[in-house]
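So the chains spell out like this:
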Amino acid sequence: MEMKQPMMKNREDQNQDKEEEPQENGRLVAGSSADKGQKGSSGPGQVSNGYPSTSPQSPRDGAGTGTERVSGPTNFRMLIVQQTSLDPPRETWSKKMDFLLSVIGYAVDLGNVWRFPYICYQNGGGAFLLPYLLMAVFGGVPLFYMELALGQFHRNGCISIWKYVCPIFKGIGFAICIIALYIAFYYNTIMAWALYYLLSSFHSPLPWTMCNNAWNTANCTRYLSTDLNVSWTNASISPAEEFYTRQVLQVHLSPGLHQLGAVSWQLALCLLFIFTIVYFSIWKGVKTSGKVVWVTATFPYLVLLILLVRGATLPGAWRGVVFYLQPNWEKLLSTTVWIDAAAQIFFSLGPGFGVLLAFASYNPFHNNCYKDALVTSSVNCLTSFMSGFVIFTVLGYMAEMRQQGVETVAKDAGPSLLFIIYAEAIANMPAATFFAIIFFLMIIMLGLDSTFAGLEGVITAMLDEFPHLLTRRREWFVLGLVCVCYLGALSTLTYGGAFVVKLFEEYATGPAVITVVFLEVIAVSWFYGTTRFCNDVQLMLGFSPGLFWRVCWVAICPCFLLFIIGSFLAFPPEVRLFDYLYPFWTTVLGYCIGVSSFICVPSYMVYHLLTTKGTFKQRLLKSITPEPAGSPGPHRDVIITNAV
């Protein structure tokens, strides 16, 4: 970065040189009342030195008091220095709607469709909504709001932002990037499964409706609404379940995690296609991904509406709705219900993954992120609630058809709920091929939005941390990142890949990201300080967060996160998939994968203390002191100083 300084005249020469042109690209602006009337006014697109302003930036980026000047008997003058940076200006969203749809697409993912309905009925039905809403109001939404405001003010990714907040916590950013890679290793595999189903949906009849295929067993029971003479027993296996386990996953060829087997070439090709879409959607930045989400974020709502209307017209749908919403107030006395509510709202809104910081950093400085946080979090929660109706109207129909209880039909959770139960229900509907195509397209698009966001969080973090190395090579960096994610996902494409997906989901990401967010809240609220943070928000929005938000950030959110961490440590989950119970060594392996990301936080703390100059007390003080907003760095455009 270069900055050309103007030549300062002596006081006795000021009068004779008043009319001279300014030296270089700085200028003295007279502060007298006479000059104020003539030169002080600046248009809405200019700062007071006559240079056109770009989109509003943070004080670090040159906004703030650019139009203020000092006048009075002391005749102060303001020196406004225009900086010339070799770095390109920071990219911004083309439209406000691009940002909103990107955030909604990130928050509304596959978990809204399969996890929330299952957890809701398992934890008291309608009674579960009470702890869910309380956890959202006091825990999830404040964290969501904090990350949006933090990213928008400092305009940096999850790594470089910490030098302006609390430098010693910079390891949080590296931990977030590693967690995002782990998620990319398994999350996109679920989309590969959905793509396999989508391609299979063009066969007529649908392949998961027949029992005469090569992968079927003797226990396969074809049970459609027209098969009145067929009875469903406990030993029966639906053709949809066998298609999922024996044809798509082929888990019967793997005894467990100790012997995963070969890579399924069909799934490998499906995943390659998914990552190709991902690459060409994010390779140019938010300018391209912001356009893609207009389709990927809105299409799932259209499909959900169609499936909701269709499901409501099925016989027995009311049984599923009653089972979904019938409150069991006694469940609220169980700690498990509150733990599940806290975990669900946290992972649904998704703070701590670096995505909200990255997306908000591309906003105009004065964008109302407070309103954005309330709108997007409300849309996310309402989508989860509506998805429950979409799922349980179909489960009620399946229970009616099998003459079983809804709780028996709804025993499957996670992806099995979509790929077995819902796929089988679709096969029983008129125009089954049409509904299968739009349903699995919806699953793919729900996943794509989250993948765009997760990888954009990593890309933004790395480009902001190493701007001179990566900014002009973004396309190549994104290509390398996508290739790493694809290679890392190969273990999930094996015959035992479903076991790897479950291991990553349970251990590798959940506990680590909750711990990282806990440290993030502590760093912002206690070290950076809520007063300073609220002043930043007031500078952006024109109003300061109220007492409710301050209390949440200082006390309630840390307790909220500690509650989830403590419950996980006190009640470690018993992980089971199909008939495979995960042995103890897999639990140790899962914790090691989780620690491998979190270890970045203490490691960087030690590194920072060792490399900082001075006594230990000076090092510690410097490590927790944020850099001033006007310090040199990328994207600094204007520096304003007062001179006599």
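Residues numbered from 1 in each chain as written. Predicted model: local features only at pLDDT ≥ 70, side-chain atom pairs only at ≥ 80, totals over all residues. Heavy atoms only, no water.

*Asks:* Can you tell me about the packing of aromatic side chains, naming the residues and giving the values?
*Replies:* By the definition in use, this model includes 56 aromatic pairs. Ring geometry for Trp193 versus Phe419: centroids 6.2 Å apart, planes at 75 degrees, classification edge-to-face. Placement of the pair is Trp193 in helix α5 (residues 171-200) and Phe419 in helix α15 (residues 415-427), with a sequence separation of 226 residues. The exposure class of Trp193 is buried, given its relative accessible area of 2%. (Phe/Tyr/Trp six-rings, centres within 6.5 Å; stacked < 30°, edge-to-face > 60°. Helix = DSSP H or I, 4+ residues; strand = E, 2+ residues; numbered from the N terminus. Buried < 20%, exposed > 50% of the residue type's maximum accessible area, 1.4 Å probe, protein only.)

*Asks:* Residues and numbers for the state of the cysteines, please.
*Replies:* On inspection of all chains with the given rule, the structure shows 1 disulfide. Sulfur-sulfur distance for the disulfide between Cys211 and Cys220 comes to 2.0 Å. Here the disulfide of Cys211 and Cys220 is left-handed, its torsion about the S-S bond being about -75 degrees. What makes Cys211 partly exposed here is its relative accessible area of 24%. (Disulfide = S-S within 2.5 Å.)

*Asks:* An account of the confidence of the model for the protein chain is requested, with residue identities and associated values reported.
*Replies:* Taken as a whole, the protein chain shows an average pLDDT of 81; of its residues, 82% reach a score of 70 or greater. For residues 1-57, every residue scores under 50 in pLDDT, and the model assigns this stretch 86 contacts once sequence neighbours within four places are set aside. For the stretch residues 630-644, pLDDT sits under 50, and the model shows 49 contacts to residues farther than four places along the chain or on other chains. (pLDDT = per-residue confidence, 0-100. Contact = heavy atoms within 4.5 Å.)

*Asks:* Can you tell me about the packing of α5 against helix α6 (residues 239-248), naming the residues and giving the values?
*Replies:* Remark: α5 packs on α6, axes separated minimally by 12 Å, with the N-to-C direction vectors making an angle of 115 degrees. Note on packing geometry: the crossing formed by α5 with α6 is right-handed. Across the interface between the two elements, Trp193, Tyr196, Tyr197 and Ser200 of α5 pack against Ala240, Phe243, Tyr244, Gln247 and Val248 of α6. In the contact of α5 with α6, the residues fall into 7 nonpolar, 2 polar and no charged. (Axes fitted to C-alpha atoms, helices over the stretch in contact; angles between N-to-C directions. Left-handed = near helix turned anticlockwise from the far one by under 90°. Nonpolar A, V, L, I, M, F, W, Y, C, P; charged D, E, K, R; others polar.)

*Asks:* An account of a nonpolar patch on the surface is needed here, citing residue identities and associated values.
*Replies:* Residues Leu130, Leu134, Val137, Phe138, Trp329 and Phe548 make up a contiguous nonpolar surface patch of roughly 540 Å² in combined accessible area. The greatest single-element share of the nonpolar patch, amounting to 4 residues, is contributed by helix α4 (residues 129-154). Topologically, Leu134 is positioned in helix α4. (Patch = residues over 30% accessible without salt bridge, like charges linked within 9 Å, V, L, I, M, F, W, Y side chains within 5 Å. Areas by Shrake-Rupley, 256 points an atom, 1.4 Å probe, with all protein chains shown as cover. Salt bridge = Lys/Arg side-chain N within 4 Å of Asp/Glu carboxyl O.)

*Asks:* Explain the side chain of Arg310 residue by residue, including any values.
*Replies:* Within the element layout of this structure, Arg310 appears in helix α9 (residues 299-312). Within the buried set, Arg310 has no salt-bridge partner at all; the shortest N-O distance to an opposite charge, 14 Å, is to Glu400. When near neighbours in sequence (up to four residues on either side) are disregarded, Arg310 contacts Met429, Pro430 and Phe435. (Lys, Arg positive; Asp, Glu negative; His and termini not counted.)

*Asks:* Now, about the pattern of salt bridges: what can you tell me, with residues and values included?
*Replies:* Close approach of charged atoms lets side chains of opposite charge pair. For the structure on display, the rule yields 9 salt bridges. Across the pair Glu505 and Arg115 runs a salt bridge whose closest N-O atoms are separated by 2.9 Å. Of the two residues, Glu505 is situated in helix α19 (residues 497-541) and Arg115 in helix α3 (residues 110-122); the sequence distance between them amounts to 390 residues. Among the ionic pairs, Arg474 bridges to Glu456, the shortest N-O distance being 2.9 Å.

*Asks:* Go over the UniProt feature "binding site: Na(+)" (unreviewed entry) in the protein chain with me, naming the residues and quoting the values.
*Replies:* In the UniProt entry, the feature "binding site: Na(+)" (unreviewed entry) is given for Gly105, Ala107, Val108, Asn112, Ser348, Asn380, Leu446, Asp449 and Ser450. Spatially, the listed residues are clustered: although they cover 346 residues, their C-alpha atoms lie within 13.5 Å of one another. In this structure Val108 touches Tyr301, Asn380, Thr383 and Leu446, once residues within four positions along its chain are discounted. Not counting chain neighbours up to four residues away, the residues in contact with Leu446 comprise Gly105, Val108, Asp109, Leu110, Val113, Tyr187 and Pro300. (UniProt positions renumbered as here; feature names shortened; annotations may be inferred.)

*Asks:* So what's going on with the environment of Arg532? Which residues, and what values?
*Replies:* In this structure, Arg532 sits in helix α19. In this structure, the C-alpha to C-alpha distance between Arg532 and Val165, residues 367 residues apart in sequence, is 10.0 Å.

*Asks:* Describe α19, listing the residues and the values that go with them.
*Replies:* End to end, α19 covers just 47 Å across 45 residues, shorter than the expected 66 Å (1.5 Å per residue, more than 12% under). Remark: the principal bend of α19, roughly 100 degrees, maps to Gly529. (Expected span 1.5 Å × (residues − 1). Bend = angle between axes of the 7 residues up to and from the residue.)

*Asks:* Tell me about the packing of α9 against helix α13 (residues 369-402), and name the residues and values.
*Replies:* For the pair α9 and α13, interaxial distance at closest approach is 8 Å and the crossing angle is 35 degrees. Considering only the axes of α9 and α13, their crossing is left-handed. Each of Tyr301, Leu304, Leu307, Leu308, Gly311 and Ala312 in α9 lies in contact with α13, whose residues at this interface are Val379, Thr383, Met386, Ser387, Phe389, Val390 and Thr393.

*Asks:* Describe helix α11 (residues 335-349), with residues and values.
*Replies:* Counted at 1.5 Å a residue, the expected span for α11 with its 15 residues is 21 Å, and the 22 Å between its end C-alpha atoms agrees. The element α11 is extensively covered by neighbouring structure, given that 11 of its 15 residues are classed as buried. Three or more residues of α11 are buried, namely Val337, Ile339, Asp340, Ala341, Ala342, Ala343, Gln344, Ile345, Phe346, Ser348 and Leu349. Along its buried surface, α11 packs onto α2 (96-107), α3, α4, α13, α19 and α20 (547-570).

*Asks:* Tell me about the side chain of Asp109, and please be specific about residues and values.
*Replies:* Mapped onto the elements of the fold, Asp109 is located in the loop between α2 and α3. Buried charge Asp109 goes without a salt bridge, the closest partner of opposite sign being Arg115 at 5.6 Å. Separated by 3.2 Å, the side chain of Asp109 and the backbone nitrogen of Gly111 make a polar contact. When residues no more than four places from it in sequence are discounted, the contact partners of Asp109 are Tyr187, Leu446 and Ser450. (Polar contact = N/O pair within 3.5 Å; in protein donor to acceptor, adjacent residues only side chain to side chain.)

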